[in-house]
Every structure is written in C-alpha cells, then in structure tokens.
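Here are the chains, one letter per residue:
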Amino acid sequence: MPLHTVAEIDRLEELLSDIEVMPDAMCASELDGYVAGLLLCPEMIMPSEWLPEVWGLDGEPEFASIEQAEETIGAVMAHYNRVAENLASRRKPYEIVLEQAEGDDQPFWEFWIAGFYHAMRLRPDAWEAYLNADNPEVKAAFAVMVSLVDLSEGESKLPADLQEEFEDQAVVTIPQLVIEMNDWIKSQVPVPMGGTPDWFGAANMNAGPARSNKVGRNEPCSCGSGRKYKRCCGSN
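For clarity, every value in this text was computed on a predicted model and none was experimentally measured.

By secondary structure assignment, the location of K186 is in helix α8 (residues 160-187). There is no salt bridge for the buried K186, and the closest opposite charge comes from D183, which lies 7.6 Å off by N-O distance. Within the structure, the side chain of K186 is placed 2.6 Å from the side chain of N182, a separation counted as a polar contact.

Here it is as structure tokens:
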C-alpha cells in the first residue's frame with residue numbers, strides 16, 4: 001500500500017491551490033519536502049511556528065468558512081502525520097510527492113527541494129549535527145542534499161557534468177538521502193517502549209484547526225497553542 005494515495009495528494013493540492021485565500025501557499029510537492037525537512041531537523045519545530053509558513057502569508061489565511069479552514073489545516077496535518085509515522089515505523093516504502101511534468105519528461109524535483117530548504121532555514125544552525133555526525137554515510141547524504149539545494153537555487157559550484165548527473169538522478173536519490181538521514185537522526189532520540197519518539201506526540205499537541213475565518217488579535221490563536229493570536233502566530 002503506498003504511503004500517500006492519489007486521492008489524498010490530489011485533494012491536498014486542490015486545497016492549497018485556492019489562490020483567492022492563499023495565493024502564495026506551497027504546492028503539495030513543496031509541502032512534502034517541507035515536512036521531510038521538519039522531521040529530519042535535529043531540533044523539534046512546533047506547528048505554531050511551521051504551519052503559517054505553508055500559507056506563504058503574514059499570519060493566517062482568511063478562509064471563507066470554518067469548514068474550509070478545518071479541512072485545509074486538517075489535510076496539511078494529516079500529510080505531516082503520514083510522513084512522520086512512516087519515517088518512525090518504516091512499515092511502508094518511503095516515497096516523495098513530485099510535481100509532474102507534461103508528457104514523458106521527468107517529474108520536477110525542484111519543488112520538493114525548495115520545501116526542504118524552507119524547513120532548513122527555520123533552524124539553520126541545528127543542521128550542523130549532520131556535519132558533525134560520526135557516520136560518514138550520513139555526512140555524505142547530507143552533503144548531497146545540500147548540493148541539490150544549491151543546484152536548485154542556481155548556486156552550485158560543481159562541474160557541469162556532475163550537476164547534470166545530480167539532476168538526472170535526483171528523483172531516485174532524494175528518497176534514499178531522506179532514509180539515510182532519518183535513520184541516523186532517529187537513532188539519536190530515545191524511543192519509548194512500543195511507541196514513537198516523544199517529539200512525534202509533542203509536534204502534534206497544538207495542531208488544532210482554526211476556529212474562524214478571521215482571528216482577532218486578542219482571541220486565542222487558531223494554531224491551538226493557548227496563547228493570544230498577537231502573542232503567537234500574529235507576532236510573525
């Protein structure tokens with residue numbers, strides 16, 4: 001059974017594509033890379049911080065209805081949870097969501113990498129843990145991931161032939177890099193008996209859906225943190 005069904009990804013893409021509500025929201029592929037980056041980050045990042053970045057706005061989108069807000073935020077969190085559970089348990093093969101090109105062209109991997117890089121920028125210093133890892137395979141995996149980021153940003157200093165090779169192999173390479181990095185970072189976090197790591201539950205404890213289509217500055221923040229909006233997501 002695949003990690004994500006076609007219907008789930010199609011609906012997620014549809015919800016994120018509402019340009020009237022959130023014209024700069026991430027696409028499904030970018031969100032998938034972003035989620036992977038959040039889960040591989042050596043420091044836990046709470047939804048109250050990372051969720052607003054999905055919309056690409058200052059604050060939250062003004063959803064047309066409570067139902068739209070609940071479905072959209074719920075779909076994003078469901079995707080996060082699917083990827084998190086899969087990387088924690090490895091019961092299913094890990095897959096990435098790719099933006100499909102027209103015809104027989106190779107899918108676009110650049111959107112996924114852009115999302116991953118967005119997550120890296122939330123905690124830039126934390127990623128040094130991979131550089132300091134005592135595992136050469138992990139160091140190499142992280143180096144290749146960074147090379148793909150540089151390549152997608154047009155800042156690669158690799159020889160032209162190596163850049164072309166990286167581009168050609170990116171779709172196959174990226175899932176392998178994620179697995180290599182995931183297995184190492186999860187080994188650095190104690191796991192309770194018969195359960196998932198503590199960070200998994202903590203990362204979801206304040207991920208409740210928005211309660212209205214517009215939040216007042218003195219109202220409880222819709223991310224579920226318990227703080228006033230102006231002291232939480234509204235302070236960004």
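This paragraph deals with the pattern of salt bridges. Under the criterion given, the structure shown has six salt bridges. Here E71 and R11 are joined by a salt bridge, their closest N and O atoms 2.8 Å apart. With E71 in helix α4 (residues 66-89) and R11 in helix α1 (residues 6-16), the pair connects residues that are 60 residues apart, well separated along the chain. Here R11 falls in the partly exposed class, since its relative accessible area comes to 31%. In this structure, E49 engages R123 in a salt bridge whose closest nitrogen and oxygen atoms are separated by 2.8 Å. Here E49, found in helix α3 (residues 47-55), pairs with R123, found in the loop between α5 (110-122) and α6 (128-131); they are 74 residues apart in sequence, far enough to count as distant. By relative accessible area, which is 21% here, R123 ends up partly exposed.

Inspection of the entire model under this criterion finds ten aromatic pairs. Consider the rings of Y130 and W184, whose centres lie 5.4 Å apart with planes at 50°: the pair is tilted. Of this pair, Y130 sits in helix α6 while W184 is found in helix α8, placing the two residues 54 residues apart along the sequence. Neither residue differs from the other here; Y130 and W184 are each classed as buried. Clustering of aromatic rings is evident, with ring pairs tying together W112, F116, W127, Y130, F142 and W184. Lying across the ring of Y117, R121 places its NZ or CZ 4.6 Å from the centre.

What counts and what doesn't
Per chain, the residues get numbers from 1 upward, laid out in the order the sequence is written. Reporting of local features is limited, given that this is a predicted model, to residues whose pLDDT is at least 70; pairs of side-chain atoms are given and counted only at 80 or more, and all residues count toward the totals for whole chains, interfaces and linings. Side-chain numbers come from the whole structure's heavy atoms, not from hydrogens or water. Under the DSSP-based scheme used, a helix requires at least four consecutive residues in state H or I and a strand at least two consecutive residues in state E, with every element numbered from the N terminus. Summary of the burial criterion: residues with accessible area below 20% of their type's maximum are buried, those above 50% are exposed, and those between are partly exposed, where the area comes from a 1.4 Å probe applied to protein chains only. Just so you know, the count uses Lys and Arg for positive and Asp and Glu for negative, and it drops His and the chain ends. In what follows, salt bridge is the name for a side-chain nitrogen of Lys or Arg lying within 4 Å of a carboxyl oxygen of Asp or Glu. By the criterion applied in these results, polar contacts are pairs of N or O atoms within 3.5 Å in which, for protein atoms, one can donate a hydrogen and the other can accept it, and in which residues neighboring in sequence qualify only through two side-chain atoms. For Phe, Tyr and Trp, rings pair up if their centres lie within 6.5 Å, where Trp contributes its six-membered ring, and each pair is then called stacked (planes under 30 degrees apart), edge-to-face (over 60) or tilted (otherwise). Whether a charge sits over a ring comes down to the Lys NZ or Arg CZ being within 6 Å of the ring centre and within 35 degrees of the ring normal.

The values are spatial; any link to function lies outside them.
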